[in-house]
Amino acid sequence: MAVKEKDPAFFTSISERLQIIYSDDTLREIKRSGNPEKFLTALEALNAMHFRYRFNERFEPTGEMILHETSPAHAYDNYLQIEPVYDIMLAATHQTTLKLYGGRSDSSFADIAAEQIIAFGGLIESLKAHLAEIDLTLPHLRAPIEQYIGNLETQYAQVSAMAAGEMHKHLSGGPTQSGVNNYRTSVGIGPKELNNIKPPRVIEKIWQAYQQLEGYRDMGYSIENFLGIAANSLYGREMHVHEKVTAIYNLLNLIGYMSDSKLNRENRHVAAISDAAHAAIASHAHILLSADEAFVSKVRAIYEYLGVPTEVGLVALDEGGIRVHTE
């Protein structure tokens, strides 16, 4: 809306009252647009600042954020330096869930796993390639970086094994099957039932509907297990809030609550991943604005459950200009 100069007074008002932020996921979407200049110009006009996660000296996420005062154009140039390897890894990682939604019908999980291993190997080699440079400039960082790489390799192996096992549970038939549809059929609940659940306490109401179903009843599951945010050995720590937001957002899409549409298509699947990333990083902001009603419904439900104080506004454009609905 800002790029298309819809209600300029609205954007002037919020840029004067609030600090507008953008993340690497914003930059990733800008790159996909094929016309980055107009979006970077809009961010510059809004005095937007780069917002990124803070890591400790062992390169572990701290759950805190950094506001980076740099121009959007410079942030974009920096992003392009890391994007090639990172984007290949990101694209490979989401192929498993893309197939679960019915995409990649011509590929087996073994094919996809092989692609992911190659992509992950490229990421690791890229990290290792910089160790020689680090030895010359910041030698004290070599040991924690090597430990970080080792942890990455261990975690990736665990995630790959877990993902393969879970995917096969719901895709035992032909290659054109949708594991998501199979799952929803097997439990007997999907979008029709879930989208009739109204606030408040949407997440709790969803769990109440699931906990007595086949596959969940008498299995010792907690609501945290169901949402994928229970403590586990993979992290070796409590998940940070933004990590929990991502997990719950993906779970809501999977079960069908205000699910994003056509997730068997690559471009829609990538867009949904970006939406989850925006929801996660906005959990560290004061206000999140979106014109996507389904996105807003999911995020409001997640933030309410996790106690995230971020205010979520639904943006609508009419003849009188832009309006923000907070409820």
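Here's what I pulled together on the structure shown here. Treat the numbers as computed from the prediction; the structure is a model and nothing was measured.

Calculation rules
- Per chain, residue numbering runs from 1 following the sequence as it is written.
- For a predicted model such as this one, the threshold for reporting local features is a pLDDT of at least 70, and the threshold for listing and counting side-chain atom pairs is 80 or more; totals across whole chains, interfaces and linings nevertheless cover every residue.
- Side-chain measures here rest on the full set of heavy atoms in the structure, leaving out hydrogens and waters.
- Segments assigned H or I by DSSP are reported as helices when at least four residues long, segments assigned E as strands when at least two residues long, and all are numbered from the N terminus.
- Burial here depends on accessible area, computed with a 1.4 Å probe over protein chains only, as a share of the maximum for the residue type. Under 20% is buried, over 50% is exposed, and the range in between is partly exposed.
- Between two residues, a contact is recorded if the distance between any of their heavy atoms is within 4.5 Å.
- Residue exposure ignores everything except the shown protein chains as possible cover, and the areas themselves are Shrake-Rupley values with a 1.4 Å probe.
- Only buried residues count toward a nonpolar core. Its members are Ala, Val, Leu, Ile, Met, Phe, Trp, Tyr and Cys residues joined through side-chain atoms within 4.5 Å.
- Patches in this entry comprise residues that are over 30% relatively accessible and not in a salt bridge; like charges within 9 Å are linked, as are nonpolar side chains (Val, Leu, Ile, Met, Phe, Trp, Tyr) within 5 Å.
- By definition here, a salt bridge exists when the distance from a side-chain nitrogen of Lys or Arg to a carboxyl oxygen of Asp or Glu is within 4 Å.
- The arc in question is formed by the directions pointing from the helix axis toward the C-beta atoms.
- We define a polar contact as two N or O atoms separated by no more than 3.5 Å, with the added condition that, inside protein, one atom must be a possible hydrogen donor and the other a possible acceptor, whereas residues neighbouring each other in sequence contribute only through side-chain atom pairs.
- If DSSP finds at least two bridges between two strands, the strands pair.
- Lines are fitted to the C-alpha atoms to define the axes, a helix being fitted only along its stretch in contact, and any angle between axes, read from their N-to-C directions, falls within 0 to 180 degrees.
- Angle categories are assigned with fixed cut-offs, so that under 35 degrees is roughly parallel, over 145 is roughly antiparallel, 65 to 115 is roughly perpendicular, and the rest are oblique.
- Two helices that cross are described as forming a left-handed crossing if the nearer one is turned anticlockwise from the farther one by less than a right angle, and a right-handed crossing if clockwise.
- When residues are grouped by polarity, Ala, Val, Leu, Ile, Met, Phe, Trp, Tyr, Cys and Pro land in nonpolar, Asp, Glu, Lys and Arg in charged, and all others, Gly among them, in polar.

### A closer look at the overall build of the protein
Counting secondary structure elements, the protein contains 15 helices and six strands. Taken across its 327 residues, the protein has 40% of its residues classed as buried. Residue pairs in contact within the protein that sit at least 24 positions apart in sequence constitute 61% of those at least 6 positions apart. When the accessible surface of the protein is summed, it comes to about 17900 Å², and 54% of that surface belongs to carbon and sulfur atoms.

### Regarding the nonpolar core
With 40 residues, the main nonpolar core has Ile206, Tyr210, Phe226, Leu227, Leu252, Ile255 and Tyr303 as its most contacted residues. Taken together, the elements giving at least two residues each to this core come down to helix H9 (179–187), helix H11 (202–210), helix H12 (223–227), helix H13 (241–255), helix H14 (266–282), helix H15 (293–306) and strand E5 (311–318). Among residues more than four places away in sequence, those in contact with Ile255 are Tyr183, Arg184, Ile189, Gly190, Pro191, Leu194, Ile206, Tyr210 and Phe226. Formed by 16 residues, the second largest nonpolar core is a distinct cluster that contains Ile20, Leu40, Val315 and Ile322.

### Describing a nonpolar patch on the surface
Residues Leu18, Ile287, Leu289 and Val324 make up a contiguous nonpolar surface patch of roughly 270 Å² in combined accessible area. Within the secondary structure, Leu18 sits in the loop between helix H1 (8–17) and strand E1 (21–22).

### Things to note about unusual backbone geometry
In this structure, Pro200 follows Pro199 across a cis peptide bond, with omega equal to 5 degrees. If you check the backbone angles, Glu5 has positive phi at about 55 degrees while not being a glycine. In this fold, Glu5 is placed in the segment before H1. Judged by its relative accessible area of 62%, Glu5 falls in the exposed class. Phi is positive for Asp7, which is not a glycine, with a value near 50 degrees.

### Considering the pattern of salt bridges
All told, the structure shown has seven salt bridges when counted by the stated rule. For the salt bridge of Lys244 with Glu238, the shortest nitrogen-to-oxygen distance reads 2.6 Å.

### What to know about H9
Taken as a whole, H9 has its buried residues at Gly179, Val180, Tyr183, Arg184 and Val187. Angular distribution of buried residues about the axis of H9 spans 135 degrees; they occupy a single face of the element. Immediately downstream of H9, the backbone of Gly188 shows phi near 85 degrees, a positive value.

### Some thoughts on the side chain of His50
Within the element layout of this structure, His50 appears in strand E2 (residues 49–55). At a separation of 2.9 Å, a polar atom in the side chain of His50 contacts the side chain of Asp24. Those residues in contact with His50, other than ones at most four positions away along the chain, are Tyr22, Ser23, Asp24, Leu27, Ile66, Leu67, His68, Thr70 and Ala75.

### What about the sheet that holds strand E4 (residues 287–290)?
Judged by pairing direction, the sheet is mixed, and its three strands sit side by side in the order E4-E5-E6 without closing on themselves. Each end of this open sheet is capped by a strand with a single partner; those strands are E4 and strand E6 (321–325). Between one strand and the next, the sheet's axes are offset by a mean angle of 30 degrees, whatever the strand orientation. In terms of strand pairing, E4 meets E5 through four bridges, oriented parallel. Bridging across to E5, Leu289 finds its partner in Gly313.

### Structural notes on the sheet that holds E2
To summarise the sheet geometry, strands pair through backbone hydrogen bonds and adopt either a parallel or an antiparallel arrangement. Pairing is mixed in the open sheet, where three strands are placed in the order E1-E2-E3. Each end of this open sheet is capped by a strand with a single partner; those strands are E1 and strand E3 (61–68). With five bridges connecting them, E2 and E3 associate as antiparallel partners. Note that in E3 the partner of Tyr53 across the bridge is Met65.

### Looking at the packing of H14 against H15
Between H14 and H15, the shortest axis-to-axis distance is 11 Å and the interhelical angle comes to 40 degrees. Considering their axes alone, H14 and H15 lie oblique with respect to each other. In this structure, H14 meets H15 at a crossing whose hand is right-handed. On the side of H14, the interface is formed by Asp275, Ala279 and Ala282, while H15 contributes Phe295, Val299 and Tyr303. In terms of residue class, the contact of H14 with H15 is made up of five nonpolar, no polar and one charged.

### Side note on the pairing of E6
As defined by bridge partners, E5 adjoins E6 across five bridges and the pair is classed as antiparallel. Paired with Ala316 across the bridge in E6 is Arg323. The antiparallel pairing of E5 with E6 creates a hairpin that spans two residues between the two strands.

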